[in-house]
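Chain and residue survey
Residues per chain are reported as follows:
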Amino acid sequence: MPLIRNPILPGFNADPSILRVGSDYYIATSTFEWYPGVQIHHSKDLANWELVTRPLNRKSQLDMRGDPDSCGVWAPCLTHDGEKFWLVYTDVKRKDGSFKDTHNYIANAPSIEGPWSDPVYATSSGFDPSLFHDDDGKKWFVNMLQDHRRRPRSFAGIVLQEFDPSAGKLVGPKKNIFLGTDLDLVEGPHLYKRNGWYYLLTAEGGTAYNHACTLARSRDIWGPYEVHPQKYILTSKDAPLAALQRAGHGDIVETPEGKTYLVHLTGRPTTQERRCVLGRETAIQEAYWENDWLFVKNGPVPSLYVEVPGTRDDSKYWAEQRYTFENGLHKDFQWLRTPETERLFTTQGGKLTLIGRETIGSWFEQALVARRQTHFSYDAETVIDFSPTDERQFAGLTAYYCRYNFFYLAVTAHSDGQRELLILSSEGSWPDGNLTMPFPDPVQIPNEGKVKLALTIRGRELQFYYALSGEELKKIGPVYDASILSDECGGHQAHGSFTGAFVGIAASDINGTALPATFDYFVYRPVQHHTDRYDV
């Protein structure tokens, strides 16, 4: 079989849940505060993947206004019971501190494209829910269990309870079936059944550099579960120079020919500070069964190159993407938190018009539309038409991670009404969220007319550019350190930032007058650079 290079889903695609229905493979990944919720990719050969849907796309399914950064949709699980697709997910409302508010839901659909049902509520006892369809027709729901008392651990184990689809709720007794190992922070459970054994795959060690996949088994779904003789079937925690770091949070799938694969999240750190600017990505490993235990081929350290049934075509990955808006917003783009898109943007007239709302970094209603950074180096470009009257109106081009980490080339105006270009940046500003001062010198521009805005990222170096009508692009501002647009710099304590770098456009009007900004197009151009980390 041909070799492919990991990851199979580059850029922010965390917590993969994989499923095969006939000859079709699907992977669902977390989207956190980005809307619509849950990304589902499709493949026929495990090598080439295409985004097919984001199913949580209306208010009755998901409303994340007020969810802090890296909250929202955590760790979806996608399954099929022979008749319909099932999707379970968490909407996290609070994660920092001793408490977590984690509401878990279950939705279903006759096909992957939908229509997806309104969800039913399951539980709030923890997060990372998963649904298992047993061969006797019963459905079982598992999630990690949280204990704010830490008696003895805050990640208290994996709890099991039956789900009754006709009643639309969890029923019967519940039990903590697995406490985890000494690595701690047990989460991400998935149940399987094979040869009379129930298998429980979990993630442990937190989602940073001690991450691991732990496997346990039992003859009874209620346990007790014995841990794999290798304990951790996948981890990079003891291999700091491995190409794929942070490996954990996996799921298992079998091909029609009976081969087993494990998908898992991973990170590819750059710089001496080990920063994963592309976030947590999805990788795949070949696996095999021996004595009714699963082993990763050449494991437990994940392999950069893996044999899969298909041959990858990388031409689309490396192609320039020029987005226009005659047919609406391209599926590569997302926005933040709100289902009420009519308050954020419109694509009437073949252009993207953002409606100025709250400030960049708002957890409620900010007009920001962006796509994932999926390459270590790239160019981005747009043309904006925007007529601000004062400093509280600004719109432009942004490289964005969260409230505490972004770079923003904005068209704005001084208090006297003179239009200008100003770079706003927030560089590791958690917990305060302050802009970096002093600002680079603003550049005055005419009060009317379109402006071309661009940026380049080469490894960790970010440079902004601008051009007035009929002019060539010229540099503006200093070279910034783009590596801070990473989980490791998201601002929170360890294991606290979970998304990835985005690039896009934004508009704010904190006068409250909803001043629009119109964008003609958006270009994302992948670039190969000597600092890139595709091979190690």
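Scope of this entry: the structure provided in the associated data block. (Residues numbered from 1 in each chain as written. Predicted model: local features only at pLDDT ≥ 70, side-chain atom pairs only at ≥ 80, totals over all residues. Heavy atoms only, no water.)

This part takes up unusual backbone geometry. At the junction of Gly223 and Pro224, the peptide bond is cis and its omega measures out at 5 degrees in the coordinates. Of the consecutive residues Met437 and Pro438, the connecting peptide bond is found in the cis state with omega at -5 degrees. Looking at where Pro438 falls in the secondary structure, it is placed in the loop between β32 (419-427) and β33 (443-444). Even without a glycine there, the phi angle at His249 is positive, about 50 degrees. For His249, the position within the fold is in strand β19 (residues 245-254). (Helix = DSSP H or I, 4+ residues; strand = E, 2+ residues; numbered from the N terminus.)

This part covers the pattern of salt bridges. Opposite charge on two side chains makes pairing possible when the charged atoms of those side chains draw close. Evaluated as defined, the whole model comprises 41 salt bridges. When the shortest N-O distance is used, the salt bridge between Arg5 and Asp535 registers 2.9 Å. Of this pair, Arg5 sits in strand β1 (residues 3-5) while Asp535 is found in the segment after β38 (516-527), placing the two residues 530 residues apart along the sequence. Assessed through its relative accessible area of 22%, Arg5 is described here as partly exposed. A salt bridge links Arg246 to Asp487; the shortest N-O distance between them is 3.1 Å. Taken as a pair, Arg246 in strand β19 and Asp487 in the loop between β36 (474-481) and β37 (502-509) lie far apart in primary sequence, 241 residues in all. Under the relative-accessibility criterion, Arg246 is labelled buried at 3%. Classification of Asp487 as buried rests on a relative accessible area of 7%. One network of salt bridges, in which partners are shared, links Lys59, Asp63, Arg65 and Glu340. (Salt bridge = Lys/Arg side-chain N within 4 Å of Asp/Glu carboxyl O. Buried < 20%, exposed > 50% of the residue type's maximum accessible area, 1.4 Å probe, protein only.)

Our next topic: the nonpolar core. Taken as a class, soluble globular proteins show a tendency for nonpolar side chains to be buried jointly. Formed by 66 residues in total, the largest nonpolar core has its most connected members in Leu78 and Phe522. If you tally residues by element for this core, the top one is strand β30 (residues 393-402), at five residues. Every residue in contact with Leu78, bar those within four places of it in the chain, is listed here: Ser17, Ile18, Leu19, Tyr26, Ala28, Ile40, Phe85, Trp86, Leu87, Ile112 and Trp116. Counting 38 residues, the second largest nonpolar core, distinct from the first, contains Phe12, Ile158, Ile177 and Tyr225. (Core = buried A, V, L, I, M, F, W, Y, C linked by side-chain atoms within 4.5 Å. Contact = heavy atoms within 4.5 Å.)

Moving on: the pairing of strand β11 (residues 130-133). Alternating residues of β11 divide into Ser130 and Phe132 and Leu131 and His133, and every residue in both groups is buried. Bridge count for β11 against strand β12 (residues 139-146) is four bridges, and the pairing is antiparallel. Across the sheet, residue Leu131 finds its bridge partner in β12, namely Phe141. (Pairing = 2+ DSSP bridges.)

Spatial strand order, β15-β16-β17-β18: four strands in an open sheet with antiparallel pairing. Looking at the sheet topology across the chains shown, the edges are occupied by β15 (187-194) and β18 (226-235). Strand after strand, the sheet turns through a mean of 20 degrees between neighbouring axes, direction not considered. (Axes fitted to C-alpha atoms, helices over the stretch in contact; angles between N-to-C directions.)

Let's shift gears to the environment of Cys489. By secondary structure assignment, the location of Cys489 is in the loop between β36 and β37. Sequence-wise, Cys489 and Val277 are 212 residues apart; in three dimensions their C-alpha atoms are separated by 9.3 Å. The residues contacting Cys489, other than those within four sequence positions of it, are Arg275, Asn405, Gly428, Ser483 and Ile484.

In this section: the side chain of Thr456. Following the sequence through the fold, Thr456 ends up in strand β34 (residues 451-458). Excluding anything up to four places from it in sequence, Thr456 contacts Tyr378, Asp379, Glu461, Leu462, Gln463 and Tyr465.

A word on the sheet that holds strand β3 (residues 24-30). Taken together, the four strands give an open sheet; going across it, the order is β2-β3-β5-β6, and neighbouring strands pair in antiparallel fashion. Two strands close off the open sheet at either side, each with one partner strand: β2 (14-21) and β6 (50-53). Ignoring which end each strand starts from, the neighbouring axes of this sheet average 35 degrees apart. Two elements, strand β5 (residues 39-43) and β6, share three bridges in a ladder whose sense is antiparallel.

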